[in-house]
Amino acid sequence: MKRLSVKNETSSGFNTKIHDNYLGIDMTINQAVKKVENGLYPKYHVRTQSETGKKFIASNPDKSKNNNLG
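Predicted model only: the values in this text are computed from it and were never measured.

So, on to the overall build of the chain. For the chain, the helix and strand inventory stands at one helix and five strands. When the helices and strands of the chain are listed from N to C terminus, the series reads β-β-β-α-β-β. Each of the 70 residues in the chain was classed as buried or not, and the buried ones make up 27%. Long-range contacts, defined here as pairs at least 24 residues apart, represent 23% of the contacts in the chain between residues at least 6 apart. Carbon and sulfur atoms make up 49% of the accessible area of the chain, which totals about 4,800 Å².

Aromatic ring pairs are described here by two measures, namely the spacing of the ring centres and the angle between the planes. Under the criterion given, the structure shown has zero aromatic pairs. Taking the ring centre of Phe14 as reference, the NZ or CZ of Lys54 above it sits at 4.8 Å.

Attention now moves to the nonpolar core. If you look at the biggest cluster of nonpolar residues, it comprises 11 residues: Leu4, Phe14, Ile18, Met27, Ile29, Ala32, Val33, Val36, Tyr41, Tyr44 and Ile57. Ranked by residue count, the leading element in this core is helix H1 (residues 29–37), at four residues.

Below, the discussion takes up the sheet that holds strand E2 (residues 15–20). In space, the three strands of this open sheet follow the order E1-E2-E3, with antiparallel pairing throughout. Across the chains shown, the open sheet's two edge strands, defined by having one partner strand only, are strand E1 (4–9) and strand E3 (25–28). Direction aside, the axes of adjacent strands within the sheet are offset by 30° on average. Relative to E2, E1 runs antiparallel, the two sharing five bridges. Bridging from a neighbouring strand, Glu9 pairs with Asn15 of E2. Against the sheet, H1 contacts E2 and E3, and its axis sits at roughly 95° relative to E3.

Taken as a whole, H1 has its buried residues at Ile29, Ala32, Val33 and Val36. Along H1, the residues classed as buried sweep out an arc of 100° about the axis, all on the same side. What points out from H1, more than 90 degrees from its buried face, is the exposed set Asn30 and Lys34. Looking at the buried residues of H1, the elements they touch are E2, E3, strand E4 (44–48) and strand E5 (55–59). One or two residues past the end of H1 sits Gly39, with phi positive at roughly 85°.

The rules behind the values
Residues numbered from 1 in each chain as written. Predicted model: local features only at pLDDT ≥ 70, side-chain atom pairs only at ≥ 80, totals over all residues. Heavy atoms only, no water. Helix = DSSP H or I, 4+ residues; strand = E, 2+ residues; numbered from the N terminus. Buried < 20%, exposed > 50% of the residue type's maximum accessible area, 1.4 Å probe, protein only. Contact = heavy atoms within 4.5 Å. Areas by Shrake-Rupley, 256 points an atom, 1.4 Å probe, with all protein chains shown as cover. Phe/Tyr/Trp six-rings, centres within 6.5 Å; stacked < 30°, edge-to-face > 60°. Lys NZ or Arg CZ within 6 Å of the ring centre and 35° of its normal. Core = buried A, V, L, I, M, F, W, Y, C linked by side-chain atoms within 4.5 Å. Pairing = 2+ DSSP bridges. Axes fitted to C-alpha atoms, helices over the stretch in contact; angles between N-to-C directions. Arc of directions from axis to C-beta.

Keep in mind these numbers describe shape, not what the thing actually does.
Shown next as structure tokens:
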């Protein structure tokens, strides 16, 4: 099972809530970004949307699609 998954997103597809499938908790995108930046989710990294400057998380590149947020 993948560690993180999208719980809610805007109509434009921006993730607003993330679910930790191992701990069973929901968090806002800002909470998830801070946790990734602090190293709590080492298989994920933070990106910044160029148009808006909003930060979001993405899984680290690998050959598996099973751990993608989607």
